[in-house]
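Tertiary structure, described
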Amino acid sequence: EGKLRDWWSKEDTQEFSKRAEQYGEQYANFTLGLPKGIRISRELTISENIADLGGLMTALDAYHIWLQRQKHSYMPELPMLENYGNATLEGDRRLFAGWAQTWRALYRREIRELLMILDPHAPGPARVCCFQGEAERSAVRR
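Please read all numbers here as calculations on a predicted model, not as lab measurements.

**What about the overall build of the protein chain?**
- From N to C terminus, the protein chain includes five helices and zero strands.
- Here the protein chain, with 142 residues, has 27% of them falling under the buried criterion.
- Total accessible area on the protein chain stands at roughly 10,500 Å², and carbon and sulfur atoms take up 56% of it.

Take a look at the structure:
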């Protein structure tokens, strides 16, 4: 057992709730690849969406720490996305591309509709696209 204690200040809780609401709104408005008329339930998926955001940002931070500890500068041998900005960001692009590939899936309409009602995970395209904007905003806040 243990003793539960709310260690967040009232302001922390309000700020978290505000950001969670904004983040959930991105998912609720997402329609790419969804059956017509079907929307993502922000209430059903918000916990998993926030977990995805935290996990991927932690992975990116860990990758950057690893890069800093290398005795030589690391540069992937083969460019993944040619002519796409700064070459030093190639590793970051690979990390995000790997994340995106993880969520590739194709479902029949009936299964997708059922998952939209029962599954606390947002559909793959939303997990990738909604994350991108939030990651950029989170990076600015750091």
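**A closer look at a nonpolar patch on the surface**
- A cluster of nonpolar side chains, namely Trp7, Trp8 and Phe16, defines an oily patch on the protein surface of about 360 Å² accessible area.
- Here phenylalanine 16 shows up in helix 1 (residues 10-28).
- Note on phenylalanine 16: relative accessible area 38%, which makes it partly exposed.

**A few points about the pattern of salt bridges**
- Summed over all chains, the structure comprises eight salt bridges.
- Residues glutamate 110 and arginine 108 are paired through a salt bridge, measuring 3.3 Å at the closest nitrogen-oxygen approach.
- We classify glutamate 110 as partly exposed; its relative accessible area is 49%.
- Linked through salt bridges whose partners overlap, the residues forming this network are Glu21, Glu25, Arg42 and Glu43.

**Quick look at the packing of aromatic side chains**
- Within the structure shown, the criterion is met by five aromatic pairs.
- The interplanar angle of 80 degrees and the centroid separation of 5.9 Å between the aromatic rings of tryptophan 7 and tryptophan 8 together place this pair among those described as edge-to-face.
- Given the relative accessible area of 32%, tryptophan 8 is considered partly exposed.
- Aromatic ring contacts, followed pair by pair, group Trp7, Trp8 and Phe16 into a single cluster.
- Above the plane of the ring of tryptophan 103 lies arginine 127, whose end atom (NZ or CZ) is 3.6 Å from the centre.

**Brief notes about the nonpolar core**
- Formed by 14 residues in total, the largest nonpolar core has its most connected members in Tyr27, Ile40, Ala126 and Phe131.
- Listing elements by their share of this core, those giving two or more residues are helix 1, helix 2 (42-69) and helix 5 (124-141).
- For phenylalanine 131, the residues in contact, after removing those within four places along its chain, are Tyr23, Tyr27, Leu53, Leu56, Met57, Phe96 and Ala126.

**Here we look at the confidence of the model for the protein chain**
- Of the residues in the protein chain, 81% have a pLDDT of 70 or more, and the chain-wide mean is 84.
- For the protein chain, helix 5 is the element with the lowest average pLDDT, namely 71, and helix 1 is the one with the highest, namely 94.

**Examining the packing of helix 2 against helix 3 (residues 90-102)**
- Relative orientation of the contacting elements helix 2 and helix 3 amounts to 150 degrees, with a least axis distance of 11 Å. Relative to helix 3, helix 2 is oriented roughly antiparallel. The two elements helix 2 and helix 3 meet at a crossing, and its hand is right-handed. Here helix 2 contributes Asp52, Leu56, Ala59, Leu60, Tyr63 and His64 to the contact with helix 3, which in turn contributes Gly91, Asp92, Leu95, Phe96 and Trp99.
- Split by residue class, the contact of helix 2 with helix 3 holds seven nonpolar, two polar and two charged.

**Observations concerning the side chain of threonine 45**
- Position of threonine 45 relative to the elements: it lies in helix 2.
- By relative accessible area, which is 2% here, threonine 45 ends up buried.
- Apart from the residues within four sequence positions on either side, threonine 45 is in contact with Ile40, Asp119, Pro120, His121 and Ala122.

**Section: the packing of helix 1 against helix 2**
- Between helix 1 and helix 2, the shortest axis-to-axis distance is 9 Å and the interhelical angle comes to 105 degrees. Our classification of the angle between helix 1 and helix 2 gives roughly perpendicular. Residues Phe16, Ala20, Glu21, Tyr23, Gly24, Glu25, Tyr27 and Ala28 of helix 1 lie in contact with helix 2, whose contacting residues are Arg42, Ile46, Asn49, Ile50 and Leu53.

Quick notes on the rules
Residues numbered from 1 in each chain as written. Predicted model: local features only at pLDDT ≥ 70, side-chain atom pairs only at ≥ 80, totals over all residues. Heavy atoms only, no water. Helix = DSSP H or I, 4+ residues; strand = E, 2+ residues; numbered from the N terminus. Buried < 20%, exposed > 50% of the residue type's maximum accessible area, 1.4 Å probe, protein only. Areas by Shrake-Rupley, 256 points an atom, 1.4 Å probe, with all protein chains shown as cover. Patch = residues over 30% accessible without salt bridge, like charges linked within 9 Å, V, L, I, M, F, W, Y side chains within 5 Å. Salt bridge = Lys/Arg side-chain N within 4 Å of Asp/Glu carboxyl O. Phe/Tyr/Trp six-rings, centres within 6.5 Å; stacked < 30°, edge-to-face > 60°. Lys NZ or Arg CZ within 6 Å of the ring centre and 35° of its normal. Core = buried A, V, L, I, M, F, W, Y, C linked by side-chain atoms within 4.5 Å. Contact = heavy atoms within 4.5 Å. pLDDT = per-residue confidence, 0-100. Axes fitted to C-alpha atoms, helices over the stretch in contact; angles between N-to-C directions. Parallel < 35°, antiparallel > 145°, perpendicular 65-115°, else oblique. Left-handed = near helix turned anticlockwise from the far one by under 90°. Nonpolar A, V, L, I, M, F, W, Y, C, P; charged D, E, K, R; others polar.

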